[in-house]
Amino acid sequence: MRRAGAGALFEQFQQLRDKLAGEGLFEESLKRPLPAFPRTIGVVTSSTAAAMRDVLTTLARRNPGIPVLVCSVPVQGAEAGPRIAQALTRLGASGKCDVIILARGGGSIEDLWAFNEEVVARAIRACAVPVVTGIGHETDFTIADFAADRRAPTPTGAAEMVSPDRDALLHRIRSL
């Protein structure tokens, strides 16, 4: 017999969200500004996911001159959370990028669960550079979204958020 209601995973989500919020992990004052002109953009996601293609295509379209460092990790399953946290730590500490996109396409609460793990939230806040999440679809929220410096509604939105539009910049320069 099981109690009816929101479900055990959603209850775990709420408990962790409340715990981390109580510690101040999600405070607006901790959120770092995104660089206006990043020299290199880091991406943490699965190399085989559609989210990776969406992010890379968007970055190339908006500003193909910005180098991208990709750190491929599993984005679901038992090992995904710790591997995501390690990738964020490693990429942030490398000094090679100015901002990191943490991305994954949509899925069920079970599919997105790695982004609700405490280790991921703490790695985001401890990261040496700003982190933008683009996880799931517009209606999906994860603990990682609350911890991130910015949340985009989709992986494509995250890529748009971190990359200046080269055509708009060139137009502005011409008009000046």
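Fair warning: this is a prediction, and the values are worked out from it, not measured in the lab.

Rules and cut-offs
- Residues numbered from 1 in each chain as written.
- Predicted model: local features only at pLDDT ≥ 70, side-chain atom pairs only at ≥ 80, totals over all residues.
- Heavy atoms only, no water.
- Helix = DSSP H or I, 4+ residues; strand = E, 2+ residues; numbered from the N terminus.
- Rg over C-alpha atoms; globule rule 2.2 N^0.38 Å.
- Buried < 20%, exposed > 50% of the residue type's maximum accessible area, 1.4 Å probe, protein only.
- Right-handed = clockwise from strand over helix to strand, strands pointing away.
- Pairing = 2+ DSSP bridges.
- Core = buried A, V, L, I, M, F, W, Y, C linked by side-chain atoms within 4.5 Å.
- Contact = heavy atoms within 4.5 Å.
- Axes fitted to C-alpha atoms, helices over the stretch in contact; angles between N-to-C directions.
- Phe/Tyr/Trp six-rings, centres within 6.5 Å; stacked < 30°, edge-to-face > 60°.
- Lys NZ or Arg CZ within 6 Å of the ring centre and 35° of its normal.

### Some thoughts on the overall build of the chain
Turning to step 1, where the next piece is worked out: Counting its secondary structure elements, the chain contains seven helices and five strands.
Turning to step 2, where the next piece is worked out: Secondary structure elements of the chain, listed N to C terminal, follow the sequence α-β-α-β-α-β-α-β-α-β-α-α.
Turning to step 3, where the next piece is worked out: At 17 Å, the chain has a C-alpha radius of gyration in line with the 16 Å of a compact globule built from 176 residues.
Turning to step 4, where the next piece is worked out: With the C-alpha coordinates aligned to their principal axes, the bounding extent of the chain is approximately 70 × 30 × 30 Å.
Turning to step 5, where the next piece is worked out: Per-residue burial for the chain yields a buried fraction of 45% across its 176 residues.

### Topic: the pairing of strand β1 (residues 41-45)
Turning to step 1, where the next piece is worked out: With five of its five residues buried, β1 lies for the most part within the structure.
Turning to step 2, where the next piece is worked out: Because side chains alternate across β1, one face comprises the buried residues Ile41, Val43 and Thr45, and the other comprises Gly42 and Val44, equally buried.
Turning to step 3, where the next piece is worked out: In this region the chain leaves β1, passes through helix α2 (residues 50-62) and returns to the parallel neighbour strand β2 (residues 68-72); the handedness of that crossover is right-handed.
Turning to step 4, where the next piece is worked out: By the bridge criterion, four bridges tie β1 to strand β3 (residues 99-104) in an arrangement that is parallel. Across the sheet, the residue bridging to Ile41 is Val99, located in β3.

### Brief notes about the nonpolar core
Turning to step 1, where the next piece is worked out: Ranked by size, the top nonpolar core spans 34 residues in total, and within it Val44, Ile84, Leu88, Ile100, Leu102 and Ile124 carry the most contacts.
Turning to step 2, where the next piece is worked out: Of all elements in the fold, only α1 (8-22), α3 (80-93), β3, α4 (118-126), β4 (131-135) and α5 (143-147) reach the threshold of two or more residues within this core.
Turning to step 3, where the next piece is worked out: No other element matches α3, which puts six residues into this core.
Turning to step 4, where the next piece is worked out: Ignoring anything within four residues of it in the chain, the contact list for Ile84 reads Val73, Pro74, Val75, Leu102, Ala114, Phe115 and Val120.
Turning to step 5, where the next piece is worked out: Ile41, Ile66, Val132 and Ala158 belong to the second-largest nonpolar core, a separate cluster that totals 14 residues.

### Looking at the sheet that holds β1
Turning to step 1, where the next piece is worked out: Taken together, five strands build an open sheet; the order of strands is β2-β1-β3-β4-β5 and the sheet is parallel. Among the strands making up the open sheet, the edge pair consists of β2 and β5 (150-152). Ignoring strand direction, the axes of neighbouring strands in this sheet form an average angle of 20 degrees.
Turning to step 2, where the next piece is worked out: Note: β4 against β5, three bridges, orientation parallel. Within β5, the position partnered with Gly134 by the bridge is Ala152.

### Regarding the packing of aromatic side chains
Turning to step 1, where the next piece is worked out: One pass over the full model with this rule turns up four aromatic pairs.
Turning to step 2, where the next piece is worked out: Here a set of aromatic residues connected by ring pairs shows up, and it is made of Phe10, Phe13, Phe26, Phe141 and Phe146.
Turning to step 3, where the next piece is worked out: Taking NZ or CZ as reference, Arg151 lies 3.9 Å from the ring centre of Phe141, over its face.

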